[in-house]
Amino acid sequence: MLLVRNGRVIDPASKTDAALDVLLDGEKIKEVALTGKTRTAPGAEVFDAKGLIVAPGFIDLHAHLREPGQESSETIETGTRAAAHGGFTAVCCMPNTKPVNDNASVTRFILDRAKATGSVRVWPIGAASLGSKGEAISEIAGMKEAGIVAVSDDGKPIATAKLARQVMDYCRSLDLPVIEHAEDVSLAAGAVMREGVSSTRLGLRGMPAAAESVCVGRDVQLAELTGARVHIAHLSAKASIEQVRWAKSRGLRVTCEVTPHHFTLIDEDVTYDSRFKMNPPLAAREDRVALLEGLADGTVDAIATDHAPHEPALKDVEFDRAPFGVLGFETALALALEQLVHSGKLSLMRMIELFATGPARVLGMERQIAAGQAADLTVFSADHAWTYRVEESSSKSRNSPFDGRKFKGRPIATIVDGQVVYKN
Ligand code: DOR
Ligand code: ZN
């Protein structure tokens, strides 16, 4: 048993914000009671959360753990350790591994490795199409049986509207969300950043915001046609958020996520340093404003990291030649506190909803700090001063644009299945 004592429990599911003790008994929460009032067993371990916030365990809907196949950039062991350091109790891993997770045997391999080496829960996402090639639908039912929580061809969009429709029809009957990396590849071809004054100034090829929003439009229409649950990944453009808002107002089952790098940085921050290169690229100033509005007003369902490690040998090259992607786990909470909470734009309650309750809902799950629920908690400080040093990262890779940034607030303990898997 583990007693998390003296903390400020903030739970969006029950709209709780109070000084409470939480007693964990193995995999389940046993009791939540006013501080000092839990009936604890003799010998229960005690975690003193005085001055800290106790939240339902954070879930990252979007991460790349690189195993199998690209273990020089990350493994399930190193990636989930970094996730634990970031306060995440569960991570959904994208299928663009080598081989691609497009069948049950790869799904089972990932789950076996997670069991043997992982620090936090790993929930695999299966490919929508075989090899994510966009030609034929993958073995979705078999993967669902093996344990996938969603499908996606992330790294690229589901190639055609026809295939996307087929995948959505299929996933509707299986009640799985379809996660879309929204990109019109004809508009994005050859581009390495967002099109605009900054791309012109740097002399780098840009893609317009429409490279994303055109595909969001397609998928919203297909969500209406099929009735499927459609989740837009790493949404970055104002026109995309407007379409998600419209879809929700029509009662469509459309959800979306935003990354910390997109709500923090803009295209004007891009230099020739490849740590500012990711897909979708950093957007325009007005897009960031629209994302902040969507994060505040409920249009955005989740903050997801798109943690995308690339080893230095691959990433430390000219901007044009570098792969897309940045690290995300260990800076996500601190960036959210800085940009959303300390700035006065969001309450702590809403921020926690975006990290825990919201992502759970996208997956059709529940997250609540209540007796009988999973004993997964994220304990954090909202004001502890620290500096992020990427050389101290648990990730195998170093591709963060936030190295050296000073923060206020950080994860203090990550608890999965009643076990403390990270403690600062
Ligand atoms: O920046 C990105 N990196 N965007 C993606 O869609 C894929 C990801 C990766 O796998 O590195
Ligand atoms: Zn993507």
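Conventions we followed
- Residues numbered from 1 in each chain as written.
- Chains lettered and ligands numbered in written order.
- Predicted model: local features only at pLDDT ≥ 70, side-chain atom pairs only at ≥ 80, totals over all residues.
- Heavy atoms only, no water.
- Helix = DSSP H or I, 4+ residues; strand = E, 2+ residues; numbered from the N terminus.
- Rg over C-alpha atoms; globule rule 2.2 N^0.38 Å.
- Buried < 20%, exposed > 50% of the residue type's maximum accessible area, 1.4 Å probe, protein only.
- Near = heavy atom within 4 Å.
- Polar contact = N/O pair within 3.5 Å; in protein donor to acceptor, adjacent residues only side chain to side chain.
- Areas by Shrake-Rupley, 256 points an atom, 1.4 Å probe, with all protein chains shown as cover.
- Nonpolar A, V, L, I, M, F, W, Y, C, P; charged D, E, K, R; others polar.
- Donors = N, O, S within 2.8 Å, 3.2 Å for Na, K, Ca; no water.
- Contact = heavy atoms within 4.5 Å.
- Salt bridge = Lys/Arg side-chain N within 4 Å of Asp/Glu carboxyl O.
- Pairing = 2+ DSSP bridges.
- Axes fitted to C-alpha atoms, helices over the stretch in contact; angles between N-to-C directions.
- Right-handed = clockwise from strand over helix to strand, strands pointing away.
- Core = buried A, V, L, I, M, F, W, Y, C linked by side-chain atoms within 4.5 Å.
- Left-handed = near helix turned anticlockwise from the far one by under 90°.

Things to note about the overall build of the chain
Reasoning step 1: When helices and strands are counted, the chain shows 13 helices and 18 strands.
Reasoning step 2: Expected size for 424 residues packed as a compact globule is a radius of gyration near 22 Å; at 20 Å, the chain falls within 12% of this value.
Reasoning step 3: By its C-alpha atoms, the chain is 65 × 45 × 45 Å across when sized along the principal axes.
Reasoning step 4: Within the chain, the fraction of its 424 residues that count as buried is 60%.

Notes on the site of ligand 1
Reasoning step 1: Of all residues adjacent to ligand 1, which total 14 residues, the nearest are Arg66, Asn96, His181, Asn279 and His310.
Reasoning step 2: A distance of 2.9 Å is found between an oxygen atom of ligand 1 and a side-chain nitrogen or oxygen belonging to Asn96.
Reasoning step 3: With respect to ligand 1, the backbone of Asn279 contributes an N or O atom lying 2.7 Å from a nitrogen atom.
Reasoning step 4: Relative to its unbound accessible surface of 290 Å², ligand 1 loses 93% to contact with the protein.
Reasoning step 5: Looking at side-chain class alone, the shell around ligand 1 contains three nonpolar, eight polar and three charged residues.

Section: the coordination of the zinc ion (ligand 2)
Working reference: metal with six octahedral donors, ideal angles 90 or 180 degrees; metal with four tetrahedral donors, ideal angle 109.5 degrees.
Reasoning step 1: Those protein atoms acting as donors to the zinc ion (ligand 2) are Asp154 (OD), His181 (ND1) and His234 (NE2), and they sit at 1.9 to 2.2 Å.
Reasoning step 2: All donors of the zinc ion (ligand 2) come from a single chain, and their spacing in sequence reads D-x26-H-x52-H. With Asp154 in the loop between strand 9 (150–152) and helix 4 (161–174) and His181 in the loop between strand 10 (178–180) and helix 5 (185–188), this pair connects stretches of sequence that are 27 residues apart. As far as burial versus exposure is concerned, Asp154 and His181 are alike and both buried.

Observations concerning helix 1 (residues 76–85)
Reasoning step 1: For helix 1, the tally of buried residues reaches seven of 10 residues, placing the bulk of the element in the interior.
Reasoning step 2: Every buried residue belonging to helix 1 is among Ile76, Thr78, Gly79, Thr80, Ala82, Ala83 and Ala84, and all of these are buried.
Reasoning step 3: In this structure, the buried side of helix 1 is in contact with strand 7 (88–93), helix 2 (104–117), strand 8 (121–127), strand 17 (406–416) and strand 18 (419–423).
Reasoning step 4: Gly87 sits one or two positions beyond helix 1 and adopts a positive phi of about 90 degrees.

Observations concerning the pattern of salt bridges
Reasoning step 1: Tallying each qualifying case throughout the model produces 20 salt bridges.
Reasoning step 2: The salt bridge partner of Arg194 is Asp287, with a shortest N-O separation of 2.9 Å. With Arg194 in strand 11 (residues 193–194) and Asp287 in helix 10 (residues 285–297), this residue pair connects regions lying 93 residues apart in the sequence. Grouping residues by exposure puts Arg194 and Asp287 together as buried.
Reasoning step 3: Connected through salt bridges with shared partners, the residues Arg121, Arg367, Asp376 and Asp417 form a single ionic network.

Some thoughts on the sheet that holds strand 10
Reasoning step 1: An order of 6-7-8-9-10-13-14-15 is seen for the eight strands of this open sheet, with the pairing classed as parallel. If you trace the sheet from one side to the other, it starts and ends with strand 6 (58–63) and strand 15 (302–303), each paired once.
Reasoning step 2: Relative to strand 14 (residues 254–258), strand 13 (residues 230–232) runs parallel, the two being bridged by three bridges. By the bridge assignment, Val230 is partnered in strand 14 with Val254.
Reasoning step 3: The strands that helix 7 (residues 210–226) touches are strand 10, strand 13 and strand 14; relative to strand 13, the one it contacts most, it runs at about 165 degrees.

Remarks on the environment of Ala332
Reasoning step 1: Mapped onto the elements of the fold, Ala332 is located in helix 12 (residues 332–341).
Reasoning step 2: A residue is classified by how much of its surface remains accessible, and Ala332, at 0% relative accessible area, is buried.
Reasoning step 3: Ignoring any residue separated from it by four or fewer positions in sequence, one finds Ala332 in contact with Phe88, Pro260, Thr305 and Phe355.

Considering the pairing of strand 8
Reasoning step 1: For strand 8, the tally of buried residues reaches six of seven residues, placing the bulk of the element in the interior.
Reasoning step 2: Where strand 8 and strand 9 come together, three bridges link them in parallel fashion. Paired with Ala127 across the bridge in strand 9 is Ser152.
Reasoning step 3: Following the backbone out of strand 8, through helix 3 (residues 140–146) and into the adjacent parallel strand 9, one traces a crossover that is right-handed.

Topic: the nonpolar core
Reasoning step 1: Leu295, Met351 and Phe380 are the most contacted members of the largest nonpolar core, which has 94 residues in total.
Reasoning step 2: At eight residues, helix 12 tops the list of elements feeding residues into this core.
Reasoning step 3: In contact with Met351, other than residues within four places in its own chain, are Leu333, Ala336, Leu337, Val341, Leu346 and Phe380.
Reasoning step 4: Counting 18 residues, the second-largest nonpolar core is a separate cluster that includes Ala49, Leu377, Ile412 and Ile415.

Let's talk about the side chain of Asp102
Reasoning step 1: Among the structural elements, Asp102 can be located in the loop between strand 7 and helix 2.
Reasoning step 2: At a separation of 2.9 Å, a polar atom in the side chain of Asp102 contacts the side chain of Asn103.
Reasoning step 3: Here Gly131 takes part through its backbone nitrogen, which lies 2.7 Å from a polar atom of the side chain of Asp102.
Reasoning step 4: If we ignore the near neighbours within four places in the chain, the residues touching Asp102 are Ala127, Ser129, Leu130, Gly131, Ser138, Glu139 and Met143.

Here we look at the packing of helix 1 against helix 2
Reasoning step 1: Interaxial distance between helix 1 and helix 2 falls to 9 Å at its minimum, and their mutual angle equals 65 degrees. Seen along the crossing, helix 1 lies across helix 2 with a hand that is right-handed. Only Ile110, Arg113, Ala114 and Thr117 of helix 2 make contact with helix 1, whose side of the interface consists of Ile76, Glu77 and Thr80.
Reasoning step 2: Its residues placed into classes, the contact of helix 1 with helix 2 shows three nonpolar, two polar and two charged.

Concerning unusual backbone geometry
Reasoning step 1: In this chain, Glu67 is followed by Pro68 through a cis amide linkage whose omega measures 10 degrees.
Reasoning step 2: In this model, Lys98 is joined to Pro99 through a cis peptide bond whose omega is 0 degrees.
Reasoning step 3: Tracing the sequence through the fold places Pro99 in the loop between strand 7 and helix 2.
Reasoning step 4: Non-glycine residue Ser132 carries a positive phi angle of around 50 degrees.
Reasoning step 5: With respect to the helices and strands, Ser132 occurs in the loop between strand 8 and helix 3.
Reasoning step 6: Positive phi, normally seen in glycine, also occurs at Asp175, with a value near 55 degrees.
Reasoning step 7: Checked against the element boundaries, Asp175 lands in the loop between helix 4 and strand 10.
Reasoning step 8: For Asp175, a relative accessible area of 44% puts it in the partly exposed group.

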